[in-house]
Amino acid sequence: MGKKLLKNYDYVLLLTIVLIAVFGVLMVGSSSVSGEVTVSSLFSSRTFLKQLIWALGGLAGMVLLSFIDYSEWQRLKLPIYLFSLALLILVIFKGTSAGGAQRWIAIGSFFNLQPSELAKIAIIITLSATMAKEGRSLEKWTGLIVPILHVAVPMLVIFMQPDLGTSLIFVAITGSILFVAGMRWLHLAVMGAGGLIASVLAFLFVLKPYQKTRLIIFRDPWQDPFNDGWQIIQSKVAIGSGQFSGRGLFKGTQTQLDFLPAKNTDFIFSVIGEELGFLGASIFLVIYVFLIWQILKVAMEAKDAFGRYLCVGVAAMLSFQLLVNVGMTISIMPVTGLPLPLVSYGGSSFLTTMISLGLVLSVAAHKDTSIF
Amino acid sequence: MKMTLWRITLLRILALIILAVLIYNLFQIQVIEGEEWANVADNNRFRHLVELAPRGRIYSADGVELAASVPTYVVALADVQNKDRREQTITKLAEFLQMEPEIIRDKLKKHRRKFEPAVIATNVDFETILQLEEYQHLMPSLVIQVVPQRYYPEKDLLANPLGRVNEIDRRGVEGLERKWDEYLQGADGFSVVQVNVDNRPVGDAANSTPAVPGNNLHLTIDTKLQKAAQDSLHRVLEKLRTEKKSKDAWAGAVVVLDPNTGKILALVTEPTFDNNHRYDKAWWKDNLPAEMPDWAKKLTDRTYQYRRTVGSTFKMVVGMAGLETGAITATEKIYAGGRTRINNQPVNDYGFAVHGNVDMRRALAVSSNIYFGTVGARLGSEKIYEYIEKFGMSREQKNAGFDDIALDEQSSSLDYRLGRTWVGGNTVQISYGQLNEFTALQLGNYVSMLANGGIHYKPYMVEKISDYTGKTVEYFEPEILDQQNFKPENLKVIREGMQQSAARSQYLKNLPFAVAGKTGSAEHDRSSRKNLERWRDTHSWWVGYAPYDNPEIAIVVFMEYAGAGSRSIEVARDIIDCYFGLEE
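All values reported here derive from a predicted model rather than from experimental measurement. (Residues numbered from 1 in each chain as written. Chains lettered and ligands numbered in written order. Predicted model: local features only at pLDDT ≥ 70, side-chain atom pairs only at ≥ 80, totals over all residues.)

1. Re helix 14 (residues 381-390) of chain B
Residue and element names in this part refer to chain B. Three or more residues of helix 14 are buried, namely Ile384, Tyr385, Tyr387, Ile388 and Lys390. Looking at the buried positions of helix 14, the neighbouring elements they touch are helix 11 (315-325), helix 13 (369-379) and helix 15 (424-431). Note on helix 14: the residue one or two positions beyond its end, Gly392, has a positive phi of about 70°. (Buried ≥ 20, exposed ≤ 12 C-beta atoms within 10 Å, placed from the backbone. Helix = DSSP H or I, 4+ residues; strand = E, 2+ residues; numbered from the N terminus. Contact = placed C-beta atoms within 7 Å.)

Given below as structure tokens:
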């Protein structure tokens, strides 16, 4: 198997991932060091070092994971599902709260586990496994019941935390997998419409006031420039002031003078926009979309439905987060607190992304060469 | 299978659409609106701080600081967008300043120029500033500014000519402060400081221009003399009132000039006021006697902003004109019999005194209106006005050319010819100083010209301008505006007459030198004679110079409604004593 695996290994994909990850670490460094950024100040930043370790460890783990035949995971569907659900429920009782939401479980002092992040990959694996089961058909309405229930349970728990952004990722993942699995257009349209109505109802009756405000303020952040609108304005100021060619790496004034909040996590793209300008930010986006493009190429070449669905799920997750996260920084999307995978500072997010990309690499490495 | 691949291709296209949407929006923000956002970023991070230049000082000739610049403290708040930090600052500051937080919030709301700190309190006392500085870390957006403010340490000394500075834009708006504003102002310093989100300065100030203090004015005024003249005038006026010699003796003026240069050595107006309270109604009410009438209690400077009939002090003009033109000789005698009519104008000498046959010298000594009315009638009004001009007292040249204070703040003489039908009697009346009105400063120049032989020096009080390091920037030499070729023998006659006049005064006895002078008791509102209620005494004038042989100072004393001119000599004596160091 070794030779075939190395021959099939998707080096372009691997290289793209490494490129983005290294870039991400650099940007986290830029936004975490206060004052002048030098090599020594970078390496004395705890945030930078942590992200560097995660990046190196994550990349290594990803490569290791890619050598394991992804088909193994299909059999572990139930334990994975139950374990992830258990963590999600645990966070409700033992979690650390921040910003009105309970999202983290502290593991030691170094790491805060965010179960909703792990749940994303768990859902991709288990839903893919469910859909890849022999004889499952989406021809009839009834075929949708099992997969939707499958996703709905963890999604609801996350929604209750509350973590609107992550629960919406579940919608994107599920929609994409079901779509590729052959869901009928009519069903898609009906569900889309249903989802829309449900969203409106949820907005009116379920969401907490702070969520509501955050959801709509992006349309007009100047309504409340000092509080809810602050992040959005400062982010737009940062990105806009980058202009065409940017202020230069480590030289963004919004970033370096701390005007930009959450600059190394949710608003990391604002740092990219300010310091590298339209040119750098566009190149970054092109590379990122190229990654998604390549993942979907792996999906097309996958030897079985499970592998295909895995890749589609990962691609959906990355696309959705890219759109929502970058969209948030340029205020075309509401502020949902979703990180930019591979780039934002944060262990759980990085870990999840690396596991999912490891699976994609595994699908690529274990593809059926007879396709060609 | 085929359908699946097609659907994945659709997803890939969707990813490209996401890319397109994001890049389109980025282009919009970064390239199209980029410059605007860059400006916002600059406003975010730059604080524009102004360092106000201390205004130049004004010194007297003897080095006394007449106008100083003292620092006052202004508490301001920089624009901070974080609500918590803002509120924390407001709450703490309100505590220290003992203000309602709502007032501070209101001031912040009304403040428009966001890149400049909003002023919360001015003139904050030093104790409070020390406290604020100690607890500055609790108030992240606090800015303490030093605002130099004008202060006049000598309070009422030279108050009027010094003028006033507008507290808001800190421009001189009256007097010397206005005329010399350009020099006194200095240049404000600016610095642009980069701050972080906590409003803490980061790094060095970019673009920093330090403030340059204004230049200093050095005046010709001698404060010792100024003070002596001011005190004497005040004392004599008060004495006249308390001794019930003149109920209206409230106001007056003194001009002391150096006849050899035109330097103004003293410029006194009475009543005076504390210039730190120039427009402070309460101060005026509390510090000037309640019984002082409103006509006296005004800001007018009676040396250069006020004209009055000058009475017999004018007679030397007519005397010089008569001698120079040959209308009369020094020795020709005219009979002064107490009262007569000249040009159909009734003329009488003071108290209807009969002086007999008097020549020029004697006529000056006894101040004969009949003599000078006769000479004036011989000369005709045109000749008299010609000599008024020769002595620098024309209406066109305000205060003999004095221009250290803006001309629009000065008064000029009243030319009685204007707008009236002239009759022969008017020529007689102006000959002994009625009808026409002059300023004290005009008389000062005129008597200086008699003392120096006809040189019209421009009267001036700003002698030197120095910069804040003390280096002389400009020095003003005496300036000759005009020179009359009076015959020395004619001048000598007039001077001798003046000397004889002065010698008659009890106040000018026991001096180590002779003095030349001439009194004037000027009638004014003729109609009021019939109305006893409104009747006021004549204006009391004295002009002169000392010493007679070698003039060093020319003096004009004016006491409004104070009666006989001889009363003014008491003030002149105090000035002479002070200048020559003759006080006991």
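2. Some thoughts on the interface of chain B and chain A
Between chain B and chain A, the residue contacts involve 35 residues of the former and 44 residues of the latter. If you list the elements that add at least two residues to the side of chain B that touches chain A, you get helix 1 (2-32) and helix 2 (34-45) of chain B. Here the side of chain B that touches chain A gets 19 residues from one element, more than from any other, and that element is helix 1 of chain B. Grouping the constituent residues of the side of chain B that touches chain A by class yields 20 nonpolar, 8 polar and 7 charged. (Nonpolar A, V, L, I, M, F, W, Y, C, P; charged D, E, K, R; others polar.)

3. Side note on the environment of Ile125 of chain A
Residues and elements named next belong to chain A. Looking at the secondary structure, you find Ile125 in helix 7 (residues 115-132). Take Ile125: there are 25 C-beta atoms within 10 Å of it, and that puts it in the buried class. In the structure, Ile125 is positioned 52 residues away from Trp73 in sequence and 7.3 Å away in space, judged by C-alpha atoms. Ignoring any residue separated from it by four or fewer positions in sequence, one finds Ile125 in contact with Trp73, Lys77, Ile80 and Leu310.

4. A look at unusual backbone geometry
In terms of backbone geometry, most residues other than glycine have negative phi values and most peptide bonds are trans. Residues and elements named next belong to chain B. Between Glu270 and Pro271 the backbone carries a cis peptide bond, its omega angle lying at 0°. With an omega of -10°, the peptide bond running from Ala546 to Pro547 counts as cis. Its identity as a non-glycine residue notwithstanding, Lys155 has a phi of 50°, on the positive side. Among the structural elements, Lys155 can be located in the loop between strand 5 (142-151) and helix 6 (159-162).

5. Remarks on the packing of helix 7 of chain A against helix 16 (residues 347-365) of chain A
Residues and elements named next belong to chain A. The geometry of helix 7 relative to helix 16 is characterised by a closest axis approach of 8 Å and an angle of 15° between their N-to-C directions. On the basis of their axis angle, the class for helix 7 and helix 16 is roughly parallel. Crossing of helix 7 over helix 16 shows right-handed handedness. Residues Glu117, Leu118, Lys120, Ile121 and Ile124 of helix 7 form the contact with helix 16, whose participating residues are Ser348, Ser349, Thr352, Ile355 and Ser356. (Axes fitted to C-alpha atoms, helices over the stretch in contact; angles between N-to-C directions. Parallel < 35°, antiparallel > 145°, perpendicular 65-115°, else oblique. Left-handed = near helix turned anticlockwise from the far one by under 90°.)

6. Quick notes on the sheet that holds strand 11 (residues 252-257) of chain B
Residue and element names in this part refer to chain B. Judged by pairing direction, the sheet is antiparallel, and its 5 strands sit side by side in the order 12-11-23-22-21 without closing on themselves. The sheet is open, and its two edges are formed by strand 12 (264-270) and strand 21 (516-522), each paired on a single side. Sheet twist, expressed as the average angle between the axes of neighbouring strands with direction ignored, equals 5°. The sheet contacts of helix 9 (residues 223-242) involve strand 11, strand 12 and strand 23 (553-559), and relative to strand 12 the element is tilted by about 30°. Contacting strand 11, strand 21, strand 22 (539-546) and strand 23, helix 18 (residues 569-579) crosses the sheet at an angle of about 145° to strand 23. (Pairing = 2+ DSSP bridges.)

7. A short note on the packing of helix 9 (residues 164-180) of chain A against helix 15 (residues 305-329) of chain A
All names here are of chain A. Two elements in contact, helix 9 and helix 15, have axes whose closest approach is 8 Å; the angle formed by their N-to-C orientations is 140°. Here helix 15 runs oblique to helix 9, going by the angle between their axes. Relative to helix 15, the crossing made by helix 9 is right-handed. Counting all contacts with helix 9, which are made through Gly165, Ile169, Ala172, Ile173, Ser176, Ile177 and Val180, the residues of helix 15 involved are Arg308, Tyr309, Val312, Gly313, Ala316, Met317, Phe320, Gln321 and Val324. Residue composition of the contact of helix 9 with helix 15, grouped by class: 11 nonpolar, 4 polar and 1 charged.

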